[in-house]
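Chain residues, written in single-letter form:
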Number of protein chains: 2
Amino acid sequence: MNPFFYAVPCASIVALVFAALFYRQMKKEDEGTPTMKQIAQFVREGAMAYLKQQYKVVIIVFIILAIFFSILAYGFGVQNPWVPFAFLTGGFFSGLAGYIGMRTATFASGRTANAARRSLNAGLKVAFRSGAVMGLTVVGLGLFDIALWFLLLNSFYDASVSQNLVVITTTMLTFGMGASTQALFARVGGGIYTKAADVGADIVGKVESDLPEDDPRNPATIADNVGDNVGDVAGMGADLYESYCGSILSTMALGASAFFAAGPEMQMKAILAPMLIAAVGVLLSVLSIFTVRTKEGAGMGELLKSMSFGTNLAAILSGVATFGILALVFGTEDPHWWQFSLSVVIGLLSGVIIGKSTEYYTSHSYKPTQKLAESAATGPATVIISGVGLGMLSTAIPVFTIACAITLAYLSAIGFDIHDMTSSENLSLGLYGVAIAAVGMLSTLGITLATDAYGPIADNAGGNAQMSELEPQVRERTDVLDALGNTTAATGKGFAIGSAALTALALLASYIEEIKIAVGHTAGAMINGVEVAKASILDVLEEFDVTLMNPAVLAGVFIGSMMAFLFCGLTMNAVGRAAQKMVVEVRRQFKEIKGILTGEGTPDYKRCVEISTKAAQKEMLVPSVIAIIVPILTGILLGVAGSMGLLIGGLGAGFVLAIFMANSGGAWDNAKKYVEEGHLGGKNSDAHHATVVGDTVGDPFKDTSGPSLNILIKLMSMISIVMAGLTVAFHIL
Amino acid sequence: MNPFFYAVPCASIVALVFAALFYRQMKKEDEGTPTMKQIAQFVREGAMAYLKQQYKVVIIVFIILAIFFSILAYGFGVQNPWVPFAFLTGGFFSGLAGYIGMRTATFASGRTANAARRSLNAGLKVAFRSGAVMGLTVVGLGLFDIALWFLLLNSFYDASVSQNLVVITTTMLTFGMGASTQALFARVGGGIYTKAADVGADIVGKVESDLPEDDPRNPATIADNVGDNVGDVAGMGADLYESYCGSILSTMALGASAFFAAGPEMQMKAILAPMLIAAVGVLLSVLSIFTVRTKEGAGMGELLKSMSFGTNLAAILSGVATFGILALVFGTEDPHWWQFSLSVVIGLLSGVIIGKSTEYYTSHSYKPTQKLAESAATGPATVIISGVGLGMLSTAIPVFTIACAITLAYLSAIGFDIHDMTSSENLSLGLYGVAIAAVGMLSTLGITLATDAYGPIADNAGGNAQMSELEPQVRERTDVLDALGNTTAATGKGFAIGSAALTALALLASYIEEIKIAVGHTAGAMINGVEVAKASILDVLEEFDVTLMNPAVLAGVFIGSMMAFLFCGLTMNAVGRAAQKMVVEVRRQFKEIKGILTGEGTPDYKRCVEISTKAAQKEMLVPSVIAIIVPILTGILLGVAGSMGLLIGGLGAGFVLAIFMANSGGAWDNAKKYVEEGHLGGKNSDAHHATVVGDTVGDPFKDTSGPSLNILIKLMSMISIVMAGLTVAFHIL
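Within each chain, residues carry numbers counting from 1 in the order of the written sequence. Chain letters and ligand numbers both follow the written order, the letters beginning at A and the numbers at 1. Reporting of local features is limited, given that this is a predicted model, to residues whose pLDDT is at least 70; pairs of side-chain atoms are given and counted only at 80 or more, and all residues count toward the totals for whole chains, interfaces and linings.

For chain A, the count of helices and strands is 20 helices and 2 strands. Based on C-alpha atoms, the radius of gyration is set beside the globule rule, defined as 2.2 Å times the residue count to the power 0.38. Taking 733 residues into account, the globule formula puts the C-alpha radius of gyration at 27 Å, and chain A, at 25 Å, falls close to it. Referenced to the eigenvectors of the C-alpha coordinate spread, the extents of chain A come out at roughly 80 × 50 × 45 Å. Classification of the 733 residues of chain A by burial places 70% in the buried group. Residue pairs are scored as contacts if the distance between their C-beta atoms, which are placed from the backbone, is within 7 Å. Contacts in chain A between residues at least 24 apart in sequence constitute 84% of all its contacts with a sequence separation of at least 6. Only DSSP runs of H or I covering at least 4 residues are called helices, and only runs of E covering at least 2 are called strands; the numbering of each starts at the N terminus. Note on burial: count the other C-beta atoms lying within 10 Å of the residue's C-beta; 20 or more is buried, 12 or fewer is exposed, in between is partly exposed, and C-beta positions come from the backbone.

Next up, the structure:
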């Protein structure tokens, strides 16, 4: 084993140790008044109960899939024997990352509220360090799983044989599929849970009864706060675990194939490169987390500066460090060191640009959201029309950025050899460049995820403060923290969505590698007249008639584009249905429980928690199962060409749709906040009511359907990869 | 010239003669009371004034583009010298079709209202025959333009030379670009006009002041009725003119290339086939129009039956006739006759299925829209969430149908030779099959467009009845006619959107042919080592590195998907902004003009008409110009590979987005009608107000952004085709 490799498990352990450290620090904080403790406990119990229920359903799905994979592997021999196990570990670690993050968040939010009674800075520290637990757990567990499987497979296969390195890395991709499957359920289930509660609470509470957010008289309040934890924390944790591992794993697989002809030594370098960039990124993230601190009495501006300083520092150091790492790995006499480094920097930069664009379109410090708020003067209909318009327009910059990133990362990796861009050799190298750009984007996930996870913690702290009826200034402080979280989260979202697009492309390339392996199961098989091991990407495309004008490709593109919409439609409807149930229940309680609105009667919080839990359980199944089955059926009916069309169509439409939904939702949320800050008539004005409608519609846009699309895109690729053997053996067209 | 050809100009003349006949019949009807006459005149004047303004802007754009094309053709020699002229005639005829249709509609709606005073049947007859004027004008002018250019070019080029037939047919495609450009402006401008007025009128009238639809006290009422004419009639006319010609022209071009090796005689057969199918379709449409009549005292059910009978009869006869026509053209010893005929039938069938699916998702006789209406019990937010969900779900069946249609029409055309699906020869044949399926879908446009155009006429008749304060039963009768129009229009929409997808694919294939011609401008040029004239589609793809994994293709796919969203975002925002201006104006009038709400003061209708006109003029430019420029820039920056990615991405995402927007909008509209019929509390209940918000949001979805996407998809292809020479000469990647 190359000695550099050991940096990977070390970085993993460092991350997990610091996560444990921050967790213990947080737990030492005081929990506050008995009411605060009680409310925190309500929320914690609800969240844990939900997660338990969800994992029960997911375990059944995992068992069924694992049996299916075992039959394919051991019965038909069309799959690698490691697949069922790798699949299960990926799912396990992804679920674990979500669980730890959520456990931390549910302990942290009450403590954050209590710390905010002392000062803003104290609140920030508790919330941010708790967010860091999640960030470091995700990257720590991710690297741990990667290192473990790499070591394990290296002990079974002789790594000095080129073909074995291809097998090792493509096998490892399977645990990416496990992580994706788990992430999809977590995002969809959590997303439905949280938005059913949120939308239900808002409609009856804010629109019909003029109660403020998180008012203890609203029976759906606890469910709403539970939702933040299961959706925004556990869901996001599983999601980013998947993104992180997916980007590293697909780069490794492409590295093994791009340098196949150059022999195992070069292959190993290309395999190590993404792992090492990630490992160093983890260390830099830990370092940068410590720089986030402000003086006592700091204002919102300083807080934001301090956080941005941390994430920017990590990104810049990571960019610089990449040049060093790749110079060490490849040696400076090999131009690959700077070519790939440049690809990484392009990835990092485009993440920043997408983040800035998200901020511009969704923050009420800028024109678009302010204009959206102004459209509230003419009622809810114009708010919705303008918000949809805004979200659709906001797709231009991110898509343009990603299109440039793909092209430039590719060109850089092939040394800007534009006259022979798509030769067999350049194609592999270039796609490796695109993949490693995604790794660059996510290398500082430890800290960017900390700033992301910190948001819901601050949000819940506000809920706790409100429900515990603490001094108003505590709520004001947590609101500042929450607003800050929205801004920093924009950057995080930019990295998540940008990396998803690049990773999905890398997975598409990995799919082609997997097809080669699938064909190779037959002794003496050829691809396009070439020996399988030596066949290039172009050979595979030619052998399986993957040309743009093949009707199977075109049909696949249509179906793929539709999948993104179908999936969103199912999740939107799920939220709509569940929210309606919630509204009916809250209205019932308002009517039947005496004195509930005067604060004398106690609402039945539990009933609302149950409604959300049941609805999420029931509604998450259909969209998730469709996401798994359609790629399998497409492979069988339309073959490799159809599958590739499906993945490309899904990627194109899914990426744009995801940005549209996330940004429309974000802008509606902040337009409402803008009005609440006193603009256009302020709270309880007609304009405010109109923006509340917008915000309510935006909830499932930005927190259920939109973020799930990121996973859908990659899950469909992962499934196609794992099912490549089935497709090759049984396809019709 | 093959004698069969003369059936084409003959059919064109038959269509135009019957159009003139129906027009004169309609004009002979009585216009009704003086008030009715006056209102009809207001609407007519407003509509004509707008169209004049719009054509002024469009003429400038056309002149600029024609100069640009002339420079490319005569200055740089990278374009065919006929291009500027063909481009201009396409635009002219498309505009003319819209103008005639609108002129007819504005004369017909008052007369329809007056006829409805006598009986429902009388109203139906006037409205439907007037719709038929539009239907027959569109197909008549379309075939006229096609026949004219075909004759003209045949007199300049010797049609017994294979290459000349390729040049003739690809040159003719250029007038498709003219038609598309004109159609885009008409759809976007008209769509913004109509929805600015409609949304503005609804928000202040229905939501704020509880006035009924088309109440004469509402100052925006006339503008709203003008809008129906400029958007739903003139816009749709130009749009379908473009679809009709586009499908025939692209099939001709593919026919010339698919049978290149077989020689000019076979080529001519393949070129004639789509023209003849269209010509016979025109005659069958005229015949079927005469079958639409009911007995006096017929109910809604019988009316619907009668209309459906007409369209179904035309479709069935057209399917049967196709077998006959192609047997005549190709001879029964050549299996192509039944292979292509089957493709046509597949096209026809899938149009019907998409239409039925549209009806299912948007009619309130079925579950989805009823459930949408029920979600109004919990307020406007859940109406929007459920409507978005419904629209997204509703994309599944149409996309699945089109995916099947593409695959099956292709397979049928190659005689189900699935083991060699993508050989050079089969690829050309199969794509010709896909193209001719689109021709089949649109062959009965004469009658389907009649049922489509009849809708806005009935709608305006209702407006006239309301404003002229006729007996309530007149309005009831026009409402029945209007509702019937919504149902029959669903089928029309299915054909329009389905054919757009198939035609866009055919255009993609034509683009490849155009690239060959562009390369051929250099003497002795080769493509992929093959003489240009003999190069296959696969050779072109290989020469220009058009492989799915080329980063230029991938970047193109992203940009194409984004274009669909960007375009919708721009048009949505345009409607939002214009509607806000309208609301402000109406509110001002309600405040400042005394007695306006009691009916004593007269509203200033003209001011509202002006606002819509100006807004539409101003706002239509940016989206339209972007739609023209992006494909040109993509070609130059990313080359042929990037352009093809752009077109495929735009097609996939655009098609699905168009269905989503059309169906969400349609369902919101009908959910409101469902409540107005007395369900869930009926008119003026909270549920009704919630559905009015949905309907208002749905207006730009279904009448501005959604239908424009159909054109956008094809316009981008057309531009790429016309700019192929520029791309080949100056591309960077």
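Residues and elements named next belong to chain B. Looking at the secondary structure, you find Ala616 in helix α18 (residues 605-619). Along the backbone, Ala616 and Ala578 are 38 residues apart, and their C-alpha atoms lie at a distance of 7.9 Å. Setting aside its immediate chain neighbours within four residues, Ala616 contacts Gly189, Ile192 and Tyr193.

To continue, consider the relation of the copies chain A and chain B. A least-squares fit on C-alpha atoms brings the copies together, and the residues used are those whose pLDDT is at least 70 in both copies. Between chain A and chain B, which share one sequence, the superposing operator has a rotation angle of 180° and an axial displacement of 0.0 Å; the RMSD is 0.0 Å. Here the transformation between the copies is reduced to the relation of a two-fold axis. The rotation axis passes nearest to the C-alpha of Ala653(A) in chain A, at a distance of 2.6 Å. Taken as a fraction of all interface residues of chain A, those also at the interface in chain B reach 100%, which identifies the copy contact as same-surface.

Next up on the list: helix α3 (residues 83-118) of chain B. Residue and element names in this part refer to chain B. A helix is expected to span 1.5 Å multiplied by its residue count minus one. Taking 1.5 Å of rise per residue, the 36 residues of α3 would be expected to cover 52 Å, and the 52 Å separating its terminal C-alpha atoms lies within 8% of that figure. A residue's bend is given by the angle between axes fitted to the 7 residues ending at it and the 7 residues starting at it. Taken as a whole, α3 carries its principal kink of about 30° at Ala108. Counting buried positions along α3 gives 28 out of 36 residues, so the element sits mostly inside the fold.

What is expected of a backbone is that most residues other than glycine have negative phi and most peptide bonds are trans. Positive phi is not limited to glycine here, since Asn528(A) has a value of about 55°. Within the secondary structure, Asn528(A) is located in the loop between β1 (526-527) and β2 (530-531). The partly exposed category is assigned to Asn528(A), around which 13 C-beta atoms lie within 10 Å. In this structure, Asn684(B) is a non-glycine residue whose phi angle is positive, near 65°. We classify Asn684(B) as partly exposed; it has 13 C-beta atoms within 10 Å.

Now for helix α10 (residues 367-374) of chain B. Among all positions in α10(B), only Pro368(B), Thr369(B), Leu372(B) and Ala373(B) are buried. Buried residues of α10(B), seen end-on, are gathered within an arc of 140° and therefore sit on one face of the element. The directions from the helix axis to the C-beta atoms form the arc being described.

What follows covers the packing of helix α5 (residues 162-208) of chain A against helix α17 (residues 551-592) of chain A. When two helices pack together, their arrangement is given by the angle between their axes and by how far apart the axes lie. Residue and element names in this part refer to chain A. Angular values range over 0 to 180 degrees, each being the angle between N-to-C directions of two axes fitted as lines to C-alpha atoms, with helices fitted over their stretch in contact. Between α5 and α17, whose axes approach to 8 Å, the crossing angle comes to 40°. Relative to α17, the element α5 is oriented oblique. Remark: the crossing between α5 and α17 carries right-handed chirality. On α17, the residues that touch Val188, Gly191, Ile192, Lys195, Ala196, Ala197, Val199, Gly200, Ile203 and Val204 of α5 are Thr571, Ala574, Val575, Ala578, Ala579, Met582, Val583, Val586 and Arg587. Residue polarity follows a fixed list, in which Ala, Val, Leu, Ile, Met, Phe, Trp, Tyr, Cys and Pro are nonpolar, Asp, Glu, Lys and Arg are charged, and the others, Gly among them, are polar. Of the residues assigned to the contact of α5 with α17, the class counts are 14 nonpolar, 3 polar and 2 charged. Angles below 35 degrees are treated as roughly parallel, those above 145 as roughly antiparallel, those between 65 and 115 as roughly perpendicular, and all remaining angles as oblique. In this scheme the handedness of a crossing depends on how the near helix is turned from the far one: anticlockwise by less than a right angle means left-handed, clockwise means right-handed.

This part takes up the packing of α17(A) against helix α19 (residues 621-676) of chain B. Orientation of α17(A) relative to α19(B), taken along the N-to-C sense of each, is 45°, at an axis distance of 9 Å. With respect to α19(B), the element α17(A) is oriented oblique. Considering how the two elements wind past one another, α17(A) and α19(B) form a crossing that is right-handed. In contact with Val557(A), Phe558(A), Gly560(A), Ser561(A), Met562(A) and Phe565(A) of α17(A), α19(B) contributes Ile648(B), Gly652(B), Ala653(B), Phe655(B), Val656(B) and Phe660(B). For the contact of α17(A) with α19(B), a count of residues per class yields 9 nonpolar, 3 polar and no charged.

For the rest of this paragraph, the subject is the confidence of the model for chain A. All names here are of chain A. Per-residue confidence from the predictor is reported as pLDDT, a score between 0 and 100. Confidence along chain A averages 92 in pLDDT terms, with 99% of residues attaining 70 or more. The secondary-structure element of chain A with the lowest mean pLDDT is helix α15 (residues 472-520), recorded at 86, while helix α12 (residues 396-413) shows the highest, at 97. If you check the scores for this complex, the pTM reads 0.96 and the ipTM reads 0.95.

Turning to the interface of chain A and chain B, a few remarks are in order. At the interface, 76 residues of chain A touch 76 residues of chain B. With 22 residues, the single largest contributor to the side of chain A that touches chain B is α17(A). In the side of chain A that touches chain B, the residues fall into 54 nonpolar, 21 polar and 1 charged.

What follows deals with the nonpolar core. A general tendency of soluble globular proteins is for nonpolar side chains to be buried together. Structurally, a nonpolar core is described as a collection of buried Ala, Val, Leu, Ile, Met, Phe, Trp, Tyr and Cys residues joined by way of C-beta atoms within 7 Å. Among the nonpolar cores identified, the biggest contains 579 residues, and Tyr241(A) and Tyr241(B) are the most heavily contacted of them. If one sorts the elements of this core by residue count, helix α18 (residues 605-676) of chain A sits on top with 33 residues. If we skip the residues at most four places from it in the chain, Tyr241(A) touches Phe93(A), Ser94(A), Ala97(A), Val138(A), Leu141(A), Gly142(A), Ala179(A) and Ala183(A).

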